[in-house]
Amino acid sequence: MGYRFQVVVDSANPHALAKWWAQTLGWQSEPSNEDFSREMVAAGHAREEDTTTFEGVLVWQAGAGIVDPESPGSPRVLFQSVAEPKSVKNRLHLDIRVGDERESVVAELEARGASVLHRGNQGPSVWITMTDPEGNEFCVS
């Protein structure tokens, strides 16, 4: 039996980081259902402080998801709000495979707030380890 999963990333600002990663991967942020959120607050199932406004849209403060629009049903990435800042190296990270476009992709990601940590290779495999705007490590290979 196969199980479905999602990848969850702790974040200080989940909506901004979800937007950054959606743009990076060519994915889409999951849409917000403002009417549903308002109904949940009005019915007492959620508190107004459970919501926030991001780019003029009412969203759940706790997190934001992104999905691959070309692969319905594929794993999503959820960015969830946490109070504590990142303090150590990730135990899990994403690899973005771009092939010969590696250097141009890295330059574009740096322009959008990512940072290069180091460059590595092992045999024919070459990668660049970077951090996203909140310091989460990922590789471009």
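Residues numbered from 1 in each chain as written. Predicted model: local features only at pLDDT ≥ 70, side-chain atom pairs only at ≥ 80, totals over all residues. Heavy atoms only, no water.

1. Quick word on the sheet that holds strand β8 (residues 115-122)
The strand order β7-β10-β9-β8 describes an open sheet built from four strands, whose pairing is mixed. This sheet does not close on itself; its edge strands, each paired only once, are β7 (94-96) and β8. When the angles between neighbouring strand axes are averaged without regard to direction, this sheet yields 25°. Of the pairings in the sheet, the one linking strand β9 (residues 125-131) to strand β10 (residues 137-140) comprises four bridges and is antiparallel in character. From the neighbouring strand, Thr129 faces β10, where its bridge partner is Cys139. (Pairing = 2+ DSSP bridges. Helix = DSSP H or I, 4+ residues; strand = E, 2+ residues; numbered from the N terminus. Axes fitted to C-alpha atoms, helices over the stretch in contact; angles between N-to-C directions.)

2. Some details on the UniProt feature "domain: Glyoxalase-like" (unreviewed entry) in the protein
Those residues carrying the UniProt feature "domain: Glyoxalase-like" (unreviewed entry) are residues 6-140 in this numbering. Across residues 6-140, helical content stands at 23% and strand content at 35%; the span's end C-alpha atoms are separated by 21 Å. (UniProt positions renumbered as here; feature names shortened; annotations may be inferred.)

3. So, the pattern of salt bridges
Counted by the stated rule, this structure contains eight salt bridges. A salt bridge links Glu55 to Lys19; the nearest nitrogen and oxygen atoms lie 2.5 Å apart. Of the two residues, Glu55 sits in the loop between β3 (51-54) and β4 (57-60) while Lys19 sits in helix α1 (residues 14-25), which places them 36 residues apart along the sequence. Using a relative accessible area of 56% as the deciding quantity, one classes Glu55 as exposed. Among the residues examined, Lys19 registers a relative accessible area of 39% and is labelled partly exposed. A salt bridge links Glu103 to Arg119; the nearest nitrogen and oxygen atoms lie 2.7 Å apart. Of the two residues, Glu103 sits in helix α3 (residues 102-111) while Arg119 sits in strand β8, which places them 16 residues apart along the sequence. On the basis of relative accessible area, Glu103 is assigned to the partly exposed category, the value being 44%. (Salt bridge = Lys/Arg side-chain N within 4 Å of Asp/Glu carboxyl O. Buried < 20%, exposed > 50% of the residue type's maximum accessible area, 1.4 Å probe, protein only.)

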